[in-house]
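What follows is the residue order along each chain.
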Amino acid sequence: MTDTLDIKITKTKSSRLEQTDFNNLPFGHIFSDHMFVADFEDGEWKNFQIVPYGDILVGPGISALHYGQSFFEGLKAYKHNDGTVSIFRPDKNAARFNKSAKRLCMPTMPEEVFIQSIAALVDLDRDWIPQKPNHSLYIRPFMFATDKYLGVTPSKTYKYMVLTCPVGPYFSKTLRVKIETHYTRAAEGGMGYAKSSGNYGVSMFPARKATEEGFDQLIWTDAKEHKYIEEMGAANAMFVLDGKLITPLAQDTILDGVTRDTVIALAREWGFPVEERKVSVAEIIEGAKTGKLTDAFGAGTAATIASVGSISDDSAEYTLKIEPKDREFSQRALKAMNDIKYGNAPDTHGWNYLVSGD
Ligand SMILES: *Cc1c(COP(=O)(O)O)cnc(C)c1O
């Protein structure tokens, strides 16, 4: 990195660190002391600041609220046993940030600026990163349109912000999932590959219906025929079928997850066969019936690996024969990823971005 970002830092006068209960960290509820803010005006990014975490003032006419020019990212920082702080693969999030921005006619951001904004914030709030197994600092960068104008055109001004939250282990119960064959999250030509806010709003109604029916999560299928698996809630769907790792190809209806990419990279290194292709509902159900489906999980930053206990279609529920703790592939992948993230294994891929503390 050549230039260092010029950031104006205003520190909080009253840290909330002491009064925070690190033994009780419900996901996304507790924010660290500071946040990053920048503005896009006159065609450029400016006003790079770190300020105390708090409410912001926006006009009621901002187009983010009316037309959904808004998207986010999600990644994590980890504290190693020796105190080292690292962020996992932020370059991947920077690239995806710009993919989302382009799809929504929003300004892109140089990857170094994105990474430096996050690194500076994490460095300042490093005491908020829990130094405990399976704990981390969740990082939420996002951007939204701020023109106070009710015309349906891309905004000329935007705000970029980063929030962070200390988080504990994601609830790791075994999931009962339902294959969704009526509602659609994303269609070809749409914005499924972008981490746009609208993709999440649209998923809440079907997800709530599934919850009311007693399921924990749903599996999205293709918009045309509902015959092919796309994603699992807000995570990528991955399966081990007949000794091969299979996962839907990351095309325009699918969010190209960093966890998914990491699992695939590790599997290839282990010589484990990987197939990125169309995955039919029929083959997964058949595999669950015959026992050839030996692993099924959602892959994402928040949960890392969320194991599936049973899969239901419109007629029946199929329980996987192997308990999550005995599933060789996902247990190995989870351990390998955690070992790298927490500095307990050599980072041979250069996946850890080290946050220097000086
Ligand atoms: C964020 C997200 C994922 C997982 O991506 P990661 O980079 O692994 O966190 C998968 N699917 C959807 C729809 C998502 O929003």
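This one's a predicted model, so the numbers in the text were calculated from it and none came from an experiment. (Residues numbered from 1 in each chain as written. Predicted model: local features only at pLDDT ≥ 70, side-chain atom pairs only at ≥ 80, totals over all residues. Heavy atoms only, no water.)

### Concerning a nonpolar patch on the surface
Argument step 1. Side chains of Tyr67, Leu150 and Val152 sit close together on the surface and give an oily, nonpolar patch of about 320 Å² of accessible area.
Argument step 2. Looking at where Tyr67 falls in the secondary structure, it is placed in helix H1 (residues 63–67).
Argument step 3. The class of Tyr67 is partly exposed, set by a relative accessible area of 36%. (Patch = residues over 30% accessible without salt bridge, like charges linked within 9 Å, V, L, I, M, F, W, Y side chains within 5 Å. Areas by Shrake-Rupley, 256 points an atom, 1.4 Å probe, with all protein chains shown as cover. Salt bridge = Lys/Arg side-chain N within 4 Å of Asp/Glu carboxyl O. Helix = DSSP H or I, 4+ residues; strand = E, 2+ residues; numbered from the N terminus. Buried < 20%, exposed > 50% of the residue type's maximum accessible area, 1.4 Å probe, protein only.)

### A look at the packing of aromatic side chains
Argument step 1. For the structure on display, the rule yields 21 aromatic pairs.
Argument step 2. Through successive ring pairs, a cluster of aromatic residues spans Phe36, Phe40, Trp45, Phe48, Phe71, Phe97, Phe114, Tyr158 and Tyr160.
Argument step 3. One Lys or Arg, Lys278, reaches over the ring of Tyr228 and ends 4.4 Å from the middle of that ring.
Argument step 4. When the ring centre of Trp270 is taken as origin, the NZ or CZ atom of Arg332, which lies over that ring, is 3.9 Å away. (Phe/Tyr/Trp six-rings, centres within 6.5 Å; stacked < 30°, edge-to-face > 60°. Lys NZ or Arg CZ within 6 Å of the ring centre and 35° of its normal.)

### Points about the side chain of Thr262
Argument step 1. Within the secondary structure layout, Thr262 lies in helix H5 (residues 258–269).
Argument step 2. For Thr262, a relative accessible area of 0% translates into the label buried.
Argument step 3. When near neighbours in sequence (up to four residues on either side) are disregarded, Thr262 contacts Phe88, Arg89, Met337 and Trp351. (Contact = heavy atoms within 4.5 Å.)

### Thoughts on the pattern of salt bridges
Argument step 1. Throughout the structure, instances matching the rule amount to 23 salt bridges.
Argument step 2. Here Asp261 and Arg89 are joined by a salt bridge, their closest N and O atoms 2.9 Å apart. Of this pair, Asp261 sits in helix H5 while Arg89 sits in the loop between strand E6 (85–88) and helix H2 (90–103); the two residues are 172 residues apart in sequence, bridging distant segments of the chain.
Argument step 3. Ionic pairing is found between Glu213 and Lys178, a salt bridge with its closest N-O pair at 3.1 Å. Remark: Lys178 occurs in strand E9 (residues 175–179) and Glu213 occurs in the loop between helix H4 (197–212) and strand E10 (217–221); sequence separation between them is 35 residues.
Argument step 4. Since its relative accessible area comes to 42%, Glu213 is described here as partly exposed.
Argument step 5. Counted as one network, the salt bridges with shared partners bring together Lys244, Glu275, Arg277 and Glu283.

### Some remarks on the environment of His29
Argument step 1. Locating His29 in the fold gives a position in the loop between strand E1 (8–9) and strand E2 (34–41).
Argument step 2. Measuring from C-alpha to C-alpha, the distance between His29 and Val167 comes to 9.0 Å, with 138 residues separating the pair along the chain.

### Quick notes on the site of the ligand
Argument step 1. The ligand sits among 15 residues. The nearest are Lys195, Tyr200, Glu231, Thr259 and Thr301.
Argument step 2. Take Val258: an N or O atom from its main chain is 2.8 Å from an oxygen atom of the ligand.
Argument step 3. Here an oxygen atom of the ligand sits 2.6 Å away from a polar atom, N or O, in the side chain of Thr259.
Argument step 4. Contact with the protein chains covers 96% of the free accessible surface of the ligand, which is 380 Å².
Argument step 5. The set of elements that each furnish at least two residues to the shell around the ligand consists of strand E12 (235–241), H5 and strand E15 (293–300).
Argument step 6. Partitioned by chemical class, the residues of the shell around the ligand number 6 nonpolar, 5 polar and 4 charged. (Near = heavy atom within 4 Å. Polar contact = N/O pair within 3.5 Å; in protein donor to acceptor, adjacent residues only side chain to side chain. Nonpolar A, V, L, I, M, F, W, Y, C, P; charged D, E, K, R; others polar.)

### With respect to the domain arrangement of the protein chain
Argument step 1. The domain boundaries assigned to the protein chain delineate domain 1 (8–168 + 351–355) and domain 2 (175–326).
Argument step 2. Counting from both sides, the interface comprises 19 residues of domain 1 and, opposite them, 19 residues of domain 2.
Argument step 3. Three residues, Phe72, Arg96 and Arg103, lead the burial of domain 1 against domain 2; their summed loss comes to 36% of the area buried on that side.
Argument step 4. Where Lys92 meets Asp261, a salt bridge forms, and the shortest distance between an N and an O atom there is 3.9 Å.
Argument step 5. Our enumeration of links across domain 1 and domain 2 arrives at 10 residue pairs in polar contact (both at pLDDT 80 or more).
Argument step 6. Contributions of two or more residues to the side of domain 1 that touches domain 2 are made by strand E4 (70–72), strand E5 (75–79) and H2.
Argument step 7. Looking at the side of domain 1 that touches domain 2 element by element, the count peaks at 6 residues for H2.
Argument step 8. Partitioned by chemical class, the residues of the side of domain 1 that touches domain 2 number 8 nonpolar, 4 polar and 7 charged. (Domains from an automatic or database assignment. Buried area = accessible area lost by both parts, 1.4 Å probe.)

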